[in-house]
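Here are the chains, one letter per residue:
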Amino acid sequence: AVARDQGTARASLEFVGHARQLAQCEQIDVPVGRLSEVLAAAPDSIEIYRDERIAEPFVVSLGGRDFVRDGRVPIGPGERVIVLDSPAGG
């Protein structure tokens, strides 16, 4: 709903650890939407979301406070979606 209402609304997709090496960048701005849509905006060099779930070597945190696995979670304007390595994230 947020994406429909605010077509230009953005969130940040950040990469930590090995995920940063694979993505070849620290952060990108992405359109808001469901978590699966936000993760799909990642560079082609890193596959974070596949088969309707977070790929095994990664974990995803919202703002560094909550870990999420459900691709249907809505990501709103200004949110930070952080991708990090499973061993580093728990």
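Residues numbered from 1 in each chain as written. Predicted model: local features only at pLDDT ≥ 70, side-chain atom pairs only at ≥ 80, totals over all residues. Heavy atoms only, no water.

Trainee: Explain the overall build of the protein chain to me, using residue names and the numbers behind them.
Mentor: A count of helices and strands for the protein chain gives 4 helices and 9 strands. When the helices and strands of the protein chain are read in sequence order from the N terminus, they spell out α-β-α-β-β-α-β-β-β-β-β-β-α. By the burial criterion, 40% of the 90 residues in the protein chain qualify as buried. Put simply, 48% of the contacts in the protein chain that link residues at least 6 apart link residues at least 24 apart. (Helix = DSSP H or I, 4+ residues; strand = E, 2+ residues; numbered from the N terminus. Buried < 20%, exposed > 50% of the residue type's maximum accessible area, 1.4 Å probe, protein only. Contact = heavy atoms within 4.5 Å.)

Trainee: An account of the confidence of the model for the protein chain is needed here, citing residue identities and associated values.
Mentor: Across the protein chain, the average pLDDT comes to 89, with 89% of residues at 70 or higher. The weakest mean pLDDT in the protein chain belongs to helix 1 (residues 2–5) at 51; the strongest belongs to strand 1 (residues 10–15) at 97. (pLDDT = per-residue confidence, 0-100.)

Trainee: Before we move on, could you go through the pattern of salt bridges and cite the residues and values that matter?
Mentor: On inspection of all chains with the given rule, the structure shows 5 salt bridges. For Arg34, the salt bridge is made with Glu37, and the minimal N-O distance between the two is 3.4 Å. What makes Arg34 partly exposed here is its relative accessible area of 41%. Looking at Glu37, the relative accessible area reads 39%, which means it is partly exposed. Residues Asp66 and Arg65 are paired through a salt bridge, measuring 3.8 Å at the closest nitrogen-oxygen approach. Residue Arg65 is classed as exposed on the basis of its relative accessible area, which comes to 56%. (Salt bridge = Lys/Arg side-chain N within 4 Å of Asp/Glu carboxyl O.)

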